[in-house]
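# Secondary and tertiary structure notes
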Amino acid sequence: MSEIALVTQLKDKFGDGIVTVELAAIDAWVEVTASALIDVCEFLRDVEDYHYDMCNCITAIDYLHTDPKKAEKVDWAPHIELVYHLSSIATKKTLVIKVKIPRWKDEAAQQLPEIPSVAGVWTTAIWHEREVYDLSGVNFIGHPELKRILCPDDWEGYPLRKDYEMPLEYHGMRGR
Amino acid sequence: MSATNIDDPRVIEFDVRTDEMIINMGPQHPSTHGVLRLALRTDGEIVSDLEPHIGYLHRCAEKIGENLTARQFVPYTDRMDYLAAMNMNLGWALTIEKLLDHDVPEKGRHLRVLICEMNRIASHLVAMGTYGLDLGAFSPFLYAFRERERILDLFEKTCGARLTYSYIAPGGATADLPVGWTAECSKFINQFKKVIPEFHTLLTTNAIFIARTTGVGILSPRMAIDYGCTGPVLRGSGVYHDLRFHGEERYTELYDGYEFDVICADSETGKYPSSHQEVYKDGLEYPDVPSDAILGDCWHRFYVRMLEVVQSVRLVEQSIVKYDACSGSHGEPIKLTQKLPVGEAYLETEAPRGQMGFYVVSDGQSNPWRVRARSSCFSNLYVTAPLCRGVLLADVPAVVGSLDVVMGEIDR
Amino acid sequence: MAEFFNEYIFGDGPWSWLGYVIAALIACILIIHVVAVGAMGFIWLERKVAGRIQDRLGPTRVGGKFGWLQTLADGIKLIAKEDLTPDVADRFLFKIAPYVAFAASFSAFIALPFADGVVANHVNTAVFFVLAVLGLEVFGVILAGYGSGSKWSLFGAMREAAQVVSYEVPLGMCVVVPVFLCGTMNLTTIGNMQEGFITNWLVFNDPFTFVIAIVYFTCATASVNRAPFDLAEAESELVAGFHTEYSGLRWSLFFMAEYGSMFLVSGLAVILFFGGSNGPIPVGDWLANLLGGVEGSIGANLPSLGAITVGVIGVANFIFKGAIGVTVMIWIRWTFPRLRIDQVMAMCLKYCVPIAAFCFVGAVGWEVLDLPTPNNLDEKSRYEYHEKWSQEYLKTQRESVPTENDTHVQQAVPAEAIVTTVAVSQSDLDVNGGKQ
């Protein structure tokens, strides 16, 4: 696969920043650390022969089993996975970047987990990251205007998290 | 961002500087294509800043997807881009098939091309009609809907619904086409080909329409890619990219053996592909690009859609022939409670409004762990803000209409 | 009409003013009927024409197969609606705005002659009067826009103000050309001077006047806010512009004002350029001659049968031609998209004004250089055609010798509305000496 050459370049350049590479999956992905994210993205955007100049989608997947019996059966600890789907208009190639972050920075204080924002790399990420913040509760450091986009501005809670419960009422309207 | 762009030749200079006014266009407004709120800051008639607010149609489709099986989720995809519901169904079906590694028989593939291209025609007719309506031309809207009604009648014969079809399911389609459907479809296409020049007369070559749309909302190719714009918005800026050619193999194999062009202006000559003019030897003239039009403005985005309709007509004709020549199954849909294998799959298709992507993460159950819909209009809408700075108020519906947004897809 | 009342009922004494008042009231009621019934007819026409252009039928249920009474039904529905005023609106201005607009549109009909002598008030400077009053309609729009208390309405009102005021300039220039060609501002006279065959119509006088007629029609469409110049009520941008907050009867007054103005500018075009109440062939005159001539009278103070025939045919002719003008405006509205405000202004200042000015100079030059025209305007003196109805009437009272007509004219004409006319013609008679 042509991605092997790219992966070698990434590993050479970023070393520990690249956690795992999974080329055998249906969509090959590269997992990076949160701290190396921006550098890797900028490199991918500018690298010769690949030029991943479009960020198609940013998704946050909440890995948490609220049922403790199911939680015992899986081999992962609760975390949030951010998935960046990239593609290149120039070379028509695609790539997936993943980052794993904890679910809370400080659970007691309900502080959201942090990750650097790639809004400086692809401008379309501004709205995608707002949506991730709004629905999954991830704080993007360096984002120009991080506020809710789909839910109302004064909504509480992050709906797509697995342990989310609909509020009992919102401005006098019954929630559940 | 500048308050007033004095160097812009379209600006009327003010002697008296007035206070800026903040007004809301929407969420109830005749021309914002759904419930969209555009907060405008205007200095007289010049818009100095614009911020789109979305979320009025958010129906938590992604959360719902975690509680339903793959086949049960199909109606929810209909309601995303409800004007091109077949294409939404196709995107979801292909993603699930990618995850399952399930192949659809040949007849089913041709059926999918036929149905999706018909829906592309219908969707572009709506886009074109409502764009004329935004600019004040009332009649093309009705002409477009007259043709669309005929397409919707054909769709009603396939699946019983006029707007939200849930027809293309993972595995194939819910039912095969009725007997005689392809003959009626051919009849419609032959009549429709003659009607297309009417739209060119009413809109594309109309002097007032050209004055309203050329030079307005110019989107450079770099900005388009940076803002994640896809579909006719991207091709209207001269970027040669169409997923039916350049996408994933599971999607491009649907279009193997079909002849059609990617509608994109050639970067050197600025001309559009005209191979369809050799195909249509009945003397139909397709208008040239007017001299005022700059690549990437609203006129070009509109023209790309008009020419894509012609390409879709070609595709429909070819797919009718191929479908009729096939025998076998149209593709039975997968079981209702089909368990999805562990893994994840992402697939983008070329929907009429852009690249629509579906992302499914599964942990082995029949309900997916995570469903994500990547909406084409979501990224297309964001580009409104930089495009509309410094334009006149009347240009805002022109720009928003040329981006052809549907709120159902943006808010999901 | 006033003299009719005065002669028979009130006499010349202290009660004669009542005769004038009643005559004026009757004239007003007739004009309101023209405007209202005309609006009803034109709204029906618009819906039918729009339907046909859009490949559908339009109203077909109320009042028979063609939906004649649809507008009446809509009017009744509108009257029955709730009378809303927005909280933030300026109540007084909000309520008075539709009446101002309607009054302006309706008042201009006072000086518009439907045929020779069929006019509410005989104003000698009718062209000036009509243009001036027509421009007052913009007040209603501005009051509506401001008084609604909504930013969108304000937008519509400001656009309208800019547009209407700007288009008054080329409109005035276009209107001056027929005034120049006929030598009078009196609309009745201008209409009369185009009698005879179609070649007498001023639009065919010279190529410049032809262009001026087209420019006039464009500027007239702009000044009544019809598409493609209908930014003030642009649905797709401003919801409904200046009349967003209006519903029910108030809104229907705006609507009537709009259709009234459409008919008015169309009628003005007909009189100035397209022959007024004269048809392409002078059928009216032939019929009148068959019926014994236009002179004479049936009974006291009533014109002759021939004159009545001419009048009726003239009115029918005028309304028919005006309706054609309105139909053209409707046709254009449903075909073209809308222009942006800066394009509207550019069209006015960069296209309409220079073309109108150039054609004005051309038309004047044509006359000055005495170039050939298909009509016989040069041979006619406007005095022969000046208010023909009054002269015909006068002929019935006249003795033989022309010069004694000065005093005789004064005695025979009781209504004061004609005094100014008579004064003018008297001085002109002195200058030209021995006319008729």
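Use the structure listed above.
Residues numbered from 1 in each chain as written. Chains lettered and ligands numbered in written order. Predicted model: local features only at pLDDT ≥ 70, side-chain atom pairs only at ≥ 80, totals over all residues. Heavy atoms only, no water.

Assigned secondary structure in chain A consists of four helices and nine strands. Helices and strands in chain A line up, N terminus first, as α-β-β-α-β-α-β-β-β-α-β-β-β. Each principal axis of the C-alpha atoms in chain A carries an extent, and together these give about 55 × 40 × 25 Å. Put simply, chain A has 176 residues, and 52% of those count as buried. At a minimum sequence separation of 6, the contacts of chain A that also span at least 24 residues come to 50%. When the accessible area of chain A is evaluated, it comes to approximately 8300 Å², of which 51% is carbon and sulfur surface. (Helix = DSSP H or I, 4+ residues; strand = E, 2+ residues; numbered from the N terminus. Buried < 20%, exposed > 50% of the residue type's maximum accessible area, 1.4 Å probe, protein only. Contact = heavy atoms within 4.5 Å. Areas by Shrake-Rupley, 256 points an atom, 1.4 Å probe, with all protein chains shown as cover.)

On the chain B side, the residues contacting the 25 residues of chain C number 35 residues. Roughly 2800 Å² of surface becomes buried between chain C and chain B when both sides are summed, with 63% attributable to carbon and sulfur atoms. Counting the contacts that link chain C with chain B gives two salt bridges. Asp55 of chain C is the partner of Arg146 of chain B in a salt bridge, and the nearest nitrogen-oxygen pair spans 2.6 Å. The tally of links between chain C and chain B comes to seven residue pairs in polar contact (both at pLDDT 80 or more). Going through the elements one at a time, helix 7 (151-182), helix 10 (235-238) and helix 14 (341-368) of chain C are the ones with two or more residues in the side of chain C that touches chain B. (Buried area = accessible area lost by both parts, 1.4 Å probe. Salt bridge = Lys/Arg side-chain N within 4 Å of Asp/Glu carboxyl O. Polar contact = N/O pair within 3.5 Å; in protein donor to acceptor, adjacent residues only side chain to side chain.)

Looking now at the side chain of His246 of chain B. Checked against the element boundaries, His246 of chain B lands in helix 10 (residues 243-246). Those residues within four positions of His246 of chain B in sequence are excluded, and the remaining contacts are Lys92 of chain A together with Tyr240, His241 and Thr252 of chain B.

Moving on, we get to the sheet that holds strand 5 (residues 94-101) of chain A. Residue and element names in this part refer to chain A. Judged by pairing direction, the sheet is mixed, and its five strands sit side by side in the order 1-2-5-4-3 without closing on themselves. Two strands lie at the open edges of the sheet, namely strand 1 (18-22) and strand 3 (54-63), each paired on one side alone. Between one strand and the next, the sheet's axes are offset by a mean angle of 20°, whatever the strand orientation. In the packing of helix 2 (residues 37-46) onto the sheet, contacts are made with strand 1, strand 2 (29-32), strand 4 (79-87) and strand 5, and the angle to strand 5 comes to roughly 175°. Contacting strand 3 and strand 4, helix 4 (residues 125-136) crosses the sheet at an angle of about 10° to strand 3. (Pairing = 2+ DSSP bridges. Axes fitted to C-alpha atoms, helices over the stretch in contact; angles between N-to-C directions.)

Glancing now at the pattern of salt bridges. Residue and element names in this part refer to chain B. Going through the model one piece at a time under the given rule, you end up with 51 salt bridges over all chains. Measuring nitrogen to oxygen at the nearest pair gives 3.2 Å for the salt bridge that ties Arg150 to Glu147. A residue pair is termed a helical-turn pair when its members lie 3 or 4 positions apart in one helix, as Arg150 and Glu147 do in helix 5 (residues 139-159) at three residues. When its relative accessible area of 34% is taken as the criterion, Arg150 is described as partly exposed. Through salt bridges with shared partners, one network takes in Glu117, Arg120, Arg235, Asp242, Arg244, Glu308 and Glu350.

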